[in-house]
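Structural features, examined
The residues making up each chain are set out below.
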Amino acid sequence: MIATIRSEWIKLRTVRSNVTTAIVAMVIPLAISLLSVTFMGENNIDSGTLPGFIVGSGSVAVLLIGVLGVLCVTQEYSQGTIRLTLAATPSRPRVYLAKGVVVAVLGAALTGLVILIGTVVGSAIIDARDVPELVSNPDAAPAFLAMILMGAVVALLGMAIGALTRNPPSAITTLVLWPLLVEGIVGGLLSLAFVDDVARWMPFQSGLNSMFLELPEDGFGRWGSLGYFAAWVLFVSLMAERSLKRRDA
Amino acid sequence: MIVVDELTKKYGSTTAVERLSFTVAPGRVTGFLGPNGSGKSTTMRCMIGLDRSSSGSARFDGRAYRDLARPLTEVGALLDAGNAHSGRSARNHLRWIATSNGFSARRVDEVLEMVGLQQVAKKRVGQFSLGMKQRLGIAAVMLGDPQVVILDEPANGLDPEGIRWIREVLRNLANQGRSVLVSSHLLAEMAMIADDLVVIGRGRLVDQCTVTEFIDRHATKWVTVRSPQLDRLTDLVRNAGHRVESSGDAADIHGVEAAAVGELAAANGIVLHELSTQTGSLEDAFLEATAMSVEYHGLSESAT
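As the structure is a computational prediction, the values presented were derived from the model and not from experiment. (Residues numbered from 1 in each chain as written. Chains lettered and ligands numbered in written order. Predicted model: local features only at pLDDT ≥ 70, side-chain atom pairs only at ≥ 80, totals over all residues.)

Residues and elements named next belong to chain B. Sheet architecture is open: 6 strands sit in the order 5-6-7-3-8-9, paired in mixed fashion. A single partner strand is all that each edge strand has here, and the edge strands are strand 5 (75–78) and strand 9 (204–210). The sheet shows a mean angle of 15° between the axes of neighbouring strands, direction not considered. Two strands pair when backbone bridges link them, and strand 8 (residues 196–201) and strand 9 are joined in this way by 6 bridges, in the antiparallel orientation. In the strand pairing of strand 9, valine 199 is matched with aspartate 207. Its contacts with the sheet place helix 1 (residues 40–47) against strand 3 (29–33), strand 6 (148–152), strand 7 (179–184) and strand 8, and it is angled at close to 145° to strand 6. Where helix 4 (residues 130–142) meets the sheet, its contacts fall on strand 5 and strand 6, and the angle it forms with strand 5 comes to roughly 165°. (Pairing = 2+ DSSP bridges. Helix = DSSP H or I, 4+ residues; strand = E, 2+ residues; numbered from the N terminus. Axes fitted to C-alpha atoms, helices over the stretch in contact; angles between N-to-C directions. Contact = placed C-beta atoms within 7 Å.)

This is the structure we're talking about:
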């Protein structure tokens, strides 16, 4: 198992497009939050401002990490290496698990870095500006933890969608349209039809909500929302693993 | 030693491989021969578990591929030299494969040197020629020093030098006592490389035997005669019910032994300048053997 994980890690980091995606997944959210604290009016900055921007940009970070999860599977199919992977490691559950460990740890590490760099550099920017001393925000730590976990969970979701479609464009489209479009439409239709508080049942939206500093009142709470989303991702992952096991490579 | 037993692969209602059985012996190069679309690649994918066979099995020294703990130490398969990420360097390509089965980075450098790619180890595979990719594929096969080697159309698209290199590699592998299975639709190439043949057509076994046996069994034979009294001889042979094609002072007689023609000539006082048995090439033997089972018949054939 350790050998398979190490092999998957080498595979992931030795392709330039993966490295680029990982860097972009950190740079874009960091740019958003750091530029925001740089140019925000001084009177409006309070203890929740910087953590708020960081977790606010977290949805961009986790979506790009999801794309990375997609790529690490679909590039095996587009480049034909899946055949070598499965010839070297005939146990397909083991291959899926090893890949999952690598993308989940990487996803968590990338969101963790976004939080770390964002907090250190953002605080320095705020300190350099004419802002009164800020107290630390009590909601920041749990929101950051939720964002790190989301990095792992969305990476696994991307990987699962990639394994189901085996095709980069359709996998990435599915991953991006799911939160942006599908849940909006389904949620809208459902709430029109019969359910009032349908928003919290939308898995991806629920997961994204878990990263907020101030949680929406009609949700499942931070860990409930995250757990609900994670349960969906587990379900999709099991389908993907089953598909990998059953279909010809 | 590879034993394929009653292997069957169905895609929906199409049967790509049907109850195929054959063995591949150690120390010999076994040519896996069949027209395009006859099921060679499908068979190989089923053998190493990439495709699920519908029934039947392939065993390597008695064990199924999926039961091998570190499969690359026992079976090395090169199904398509294009199966490498074009953005990865040759060395990194081999490193992830090596790591998955616990081989060291030094082993990677060894096999790179073995196939003569050490100079371009850091180059991206996308910049490689087909011949270089083929060498990289062989390097991956050799990582685990396996006793069984399976290659799918390794000579495809190679220049003459590359083909000669592949041929020498296969010969060396067999001489070291390994079981080598190599597929091809290039018959002349097979005749030069292989000791044994497994011939399939439409997913079914046509024959398994040595190259010489195959020609004996399937190639057409005929008798060529030259004679100053050729017309008289051909009349006699035709009257005896044999088919004759004459051109100039020579004639080819089908469906008869040379001895019978000689005796017929002697009995009638005909002088012979040549009396010889001719054998068709491996190519002819192959076409003959698979004529009944070619997947895609031309229009003229399907009309009959």
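Along the chain, Val154(A) falls in helix 7 (residues 140–165). Setting aside chain neighbours within four positions, we find Val154(A) in contact with Val62(A), Leu63(A), Ile65(A), Gly66(A) and Gly107(A).

Residues and elements named next belong to chain B. Not every positive phi belongs to a glycine, and glutamate 6 is a case in point at roughly 55°. With respect to the helices, strands and loops of the structure, glutamate 6 is situated in strand 1 (residues 2–11). For glutamate 153, which is not glycine, the phi dihedral falls at a positive 45°. If you trace the backbone, glutamate 153 turns up in the loop between strand 6 and helix 5 (160–175).

Our focus in this paragraph is the interface of chain A and chain B. Between chain A and chain B, the contact holds 23 residues from the first and 28 residues from the second. Of the residues that constitute the side of chain A that touches chain B, the class distribution is 9 nonpolar, 9 polar and 5 charged. (Nonpolar A, V, L, I, M, F, W, Y, C, P; charged D, E, K, R; others polar.)

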